[in-house]
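Letter by letter, the chains look like this.
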Amino acid sequence: MELSGAEILWECLMREGVEVVFGIPGGANMPIYDAMLKYPVHHVLVRHEQGAAHMADGYARASGKVGVALATSGPGATNLVTGIATAMMDSSPVVFITGQVHAHLIGGDAFQETDVTGITLPITKHNYLVTRAEEIAQVVREAFYIARTGRPGPVLIDICKNAQIQKTEFVYPEKIELPGYKPPRTAPPSELKKAAQMIKESRRPVILAGHGLLISRAYREMQELSHRAHIPVAMTLLGIGSMPASDPHNLGMMGMHGEAYCNLAIQNADLLIALGMRFDDRVTGNLKTYAPHAKKIHVEIDPSEVHKNVVVDLPLFGDLKAVLTDLLPYVEEARHDEWFDQIEEWRAESDSRDIIYWPDDGKLYTAHVIRSIWEATQGKATLATGVGQHQMWAAQYYPFEEPYRFITSGGAGTMGFGVPAALGVWFTDKSRDVWVIDGDGSFQMTQAELSTIVQEGASVKIAIMNNHFLGMVRQWQEFFFESRYAATPLHGPDFVKIAEAHGIPAQRITKPEEVKDALQFANQTPGPVLLDFWVEKEEAVYPMVPAGADLHDMIRRPVREKSPA
Amino acid sequence: MQHTLIALVENKPGVLNRVASLFRRRNFNIESLNVGHTDRKDISRMTIVINSDEVDARKVEANLYKLVNVIDVQDVSTQPAVIRDLALIKVKAALDQRAEIANLASIFRGRIVDVAADSVIVEITGTEDKIESLIELLRPFGILEMVRTGQVAMLRGGYEPVRHTPGAGSNGHHPEEVLEFD
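Counting of residues starts from 1 at the beginning of each chain's written sequence and follows it residue by residue. The lettering of chains begins at A and the numbering of ligands begins at 1, in the order of writing. Per-residue local features are limited, in this predicted model, to residues with pLDDT of at least 70; the limit for side-chain atom pairs, both in listing and counting, is 80 or more; totals at the level of whole chains, interfaces and linings are taken over all residues.

Let us now look at the overall build of chain B. Think of it this way: any DSSP run of H or I at least four residues long counts as a helix, any run of E at least two long counts as a strand, and we number them from the N terminus. Tallying secondary structure elements over chain B gives four helices and nine strands in all. Values of the radius of gyration come from C-alpha atoms, whereas the globule rule sets the reference at 2.2 Å times the count of residues to the power 0.38. Since a compact globule built from 182 residues should have a radius of gyration of about 16 Å, the 21 Å found for chain B marks it as more spread out than a globular shape. Projecting the C-alpha coordinates of chain B onto the three principal axes gives extents of approximately 85 × 30 × 30 Å. Taken across its 182 residues, chain B has 31% of its residues classed as buried. The contact criterion used here is simple: two residues whose C-beta atoms, placed from the backbone, lie within 7 Å are in contact. Taking the intrachain contacts of chain B between residues at least 6 apart in sequence as the baseline, contacts between residues at least 24 apart amount to 74%. Partly exposed residues are those whose C-beta has more than 12 but fewer than 20 other C-beta atoms within 10 Å; 20 or more makes a residue buried and 12 or fewer makes it exposed, with C-beta atoms placed from the backbone.

Let's shift gears to the domain arrangement of chain A. Residues and elements named next belong to chain A. Splitting chain A by domain gives domain 1 (2-169), domain 2 (189-349) and domain 3 (355-534). For every domain, the bounds stem from an assignment made automatically or drawn from a database. With centres defined by C-alpha atoms, the gap from domain 1 to domain 3 works out at 30 Å. With 23 residues of domain 1 at the interface, the matching set in domain 3 holds 25 residues. Looking at the side of domain 1 that touches domain 3, the elements that each hand over two or more residues are β3 (42-45), α3 (49-63) and α5 (81-89). Of the residues forming the side of domain 1 that touches domain 3, the biggest block, eleven residues, is contributed by α3.

Take the packing of helix α16 (residues 366-376) of chain A against helix α23 (residues 515-524) of chain A next. All names here are of chain A. Angular values range over 0 to 180 degrees, each being the angle between N-to-C directions of two axes fitted as lines to C-alpha atoms, with helices fitted over their stretch in contact. In contact at an axis separation of 10 Å, α16 and α23 are set at 45° when each is read in the N-to-C sense. The orientation of α16 with respect to α23, classified from their angle, is oblique. The two elements α16 and α23 cross, and the hand of that crossing is right-handed. Listed contacts from α23 to Val-369, Ser-372, Ile-373 and Ala-376 of α16 are Val-515, Lys-516, Leu-519 and Asn-523. Note that the term roughly parallel is reserved for angles under 35 degrees, roughly antiparallel for angles over 145, roughly perpendicular for angles of 65 to 115, and oblique for everything else. When the near helix sits turned anticlockwise from the far one by under a right angle, the crossing is termed left-handed; a clockwise turn instead gives a right-handed crossing.

This part is about the pairing of strand β3 (residues 43-51) of chain B. All names here are of chain B. When you tally the buried positions in β3, you get seven out of nine residues, the bulk of the element. Two strands qualify as a pair provided DSSP detects at least 2 bridges between them. As paired strands, strand β1 (residues 2-10) and β3 are joined by nine bridges and run antiparallel to one another. Within the sheet, the bridge partner assigned to Val-9 lies in β3 and is Ser-44. Pairing of strand β2 (residues 30-37) with β3, which is carried by seven bridges, proceeds in the antiparallel orientation. Paired with Gly-36 across the bridge in β3 is Arg-45. Taken together, β2 and the strand that follows it, β3, pair antiparallel across an intervening segment of five residues.

Another point: the nonpolar core. Within the largest apolar cluster, 203 residues are counted, with the highest numbers of intra-cluster contacts made by Ala69(A) and Ala234(A). Ranked by residue count, the leading element in this core is helix α7 (residues 136-148) of chain A, at nine residues. Not counting residues up to four positions away in its chain, the partners in contact with Ala69(A) are Val21(A), Phe22(A), Gly23(A), Ala52(A), Ala53(A), Ala56(A), Leu80(A), Val94(A) and Phe96(A). Ranked by size, the runner-up nonpolar core spans twelve residues in total, among them Ile89(B), Ala93(B), Leu134(B) and Leu138(B). Note on terminology: a nonpolar core is any set of buried Ala, Val, Leu, Ile, Met, Phe, Trp, Tyr and Cys residues joined through C-beta atoms within 7 Å.

With that out of the way, let us pick up the environment of Arg204(A). Residues and elements named next belong to chain A. Looking at the secondary structure, you find Arg-204 in the loop between α9 (189-201) and β9 (205-209). For the pair Arg-204 and Ala-269, spaced 65 residues apart in sequence, the C-alpha separation works out to 4.9 Å. In this structure, Arg-204 is in contact with Asn-268, Ala-269, Asp-270 and Trp-339, ignoring residues within four places of it in sequence.

Next up on the list: the interface of chain A and chain B. With 24 residues of chain A at the contact, the number on the chain B side is 27 residues. Within the side of chain A that touches chain B, the residues separate by chemical class into eleven nonpolar, six polar and seven charged. Classes in brief: Ala, Val, Leu, Ile, Met, Phe, Trp, Tyr, Cys and Pro nonpolar; Asp, Glu, Lys and Arg charged; the others, Gly included, polar.

Attention shifts here to the environment of Val18(A). Residue and element names in this part refer to chain A. Among the secondary structure elements, Val-18 is positioned in the loop between α1 (5-15) and β2 (20-23). A count of 21 C-beta atoms within 10 Å places Val-18 in the buried class. Leave out the neighbours within four places in its chain, and Val-18 touches Leu-13, Val-41 and Val-68.

Residues and elements named next belong to chain A. Take the residue count of a helix, subtract one, and multiply by 1.5 Å to get its expected span. With 15 residues, helix α15 (residues 337-351) extends 20 Å between its outermost C-alpha atoms, agreeing within 8% with the 21 Å of an ideal straight helix rising 1.5 Å per residue. Along α15, the positions that sit buried rather than exposed are Trp-339, Ile-343, Arg-347 and Ser-350. On an axial view of α15, the arc spanned by its buried residues comes to 75°, and they lie on one face. For α15, the exposed residues lying more than 90 degrees away from the buried face are Asp-337, Glu-338, Asp-341, Glu-344, Glu-345 and Ala-348. Buried residues along α15 sit against β11 (250-253) and α12 (260-268). Throughout, the arc means the angular range of directions from the helix axis out to the C-beta atoms.

Take a look at the structure:
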């Protein structure tokens, strides 16, 4: 049967199971939009292409399915760039489909022509420029396969307008040939035995749980390893949820704003078992003094990540689920009670400084607001966040029992990620309790998507931790630039009025005693709600490992009297 | 130390750009890069020479594999290999100097491929050292222009190529397999 290139595109998307796409139409992708009307797919019209990228990314992170975002050529495609880089840094499977000018116009600076495959080459796992309709089926099939397999990542398909229009015989490729694409599968038994022996010999082991555990759906195997060999688990920001927060083996988050006892455990460990994490600088601090006594096992699917930052003693290449499944039979039961006692001591010391135990002093602290949201949602909400202080507080004070409930931009640190990502999450399951924890700075970067939320009738609850500052930069200025607040005070708009202008019910909260009622209001109001929490302006995230400092060299919150109650 | 890598890549538009972009963004310093055809129309061959320690050489290799269009990477640095570079050297040559230059060239198994009134072009093929030596001998005459291809390499017969990156070879790639999500 002869179909247009645009129709072939949708035929292929249907075969990939695509149900929802996010995007904006424009001159160079109109045939794609026109053909879309014939197919059972829901299109979400965004207000800026960055929003489409983050929505598709949020959708992918929360469901494991490939997200899809559409944009036209030129500015439409360049507006995706931040979102593509965000997906790339966090290994999120998203297929981006952009329109391109007619093939014969390429290179001639045609209207809305931009070298999109050139621009996105370093921020995609792979990309394609399609100039003929005959190529589309093969390319789409490859793109989805590459996006979701191995170490997942974004793939961009740039389709020339003539290829969208041209008619050709539609033949769905039965198989794809990618001679240069061979993600490793699992490690050989000899290596697995070595790992099991290292685990057996260790006295102070720590598991470093990364995003890979969620991507590979290997968190249960990791939990089994932790329980069987009695190993505490430190999580990266994106690894949060891989170990239930209530599990006694859980040490919470590691790194720059990680728990002090978690970082101390890493620094004093004699064995690190790194699972699907990449020793990012935010996690290690000074590499020269990082975990100096520890042997290191690194399980990774991407060989280029091994020995990149930290040279390890035993790399195990492969898919985490396969490697852990194959490793577990070699792992013996063990107890490390002394090690856990030591960590408990550190934990008690950390608790003595924790703001969550501070008595009510009439001030509204973000940590307390987030803990209240945790209570009001029974700890079962999915949170999408922006980037900054609120993000770190959300990671610290919303304990997650389940994976895929903390959706946040880690590697790229993209402000403005929260609102659009949350909408993407909502589309994975509309019964999901979806919250955005945002900052006033982050929120304003993609605030236009409020109207997308309204247009879609999405039930997304937005909580802005409004400190009238670009709070994280302000904190660095306080600590490292003698409190010279260059360009960090924000005179934001009235967010309640902005919400109401969109038809979104909203409240402002300025005192601790108002928090409970406001959260009840959010829970009881169907559809989207916005809450504008005016929190303490100059509060800092603790502990903090200054950039490049030793991981154990943390700026700590001063100890304060506990509540007499 | 000098590492010589051979990469087989799909012969598709933009592949050279992907490789070059990789070297730039990962901050890898390359000594030379040569690209050419193989016996197969759909596969091109790159010889990449880098001056780096072992760790960085492995990083280059692993990162090359990350490119979907890169099919195979071999490290021939520690193996017996034929490594050749070709240079064209235009040298200032008065009538009475021609014979001397031709003589020098022939010692190095080079040859004169062009003669003009006041210059000659010497063509030489060989290892980097050999070419460097000839260049130094020709320098006093006055080198007007020079071009080198960069090194090309091939493992000697009877030796197995060394591949350091896991995933290379048979381990992996199951095209029909789809990752299941529960």
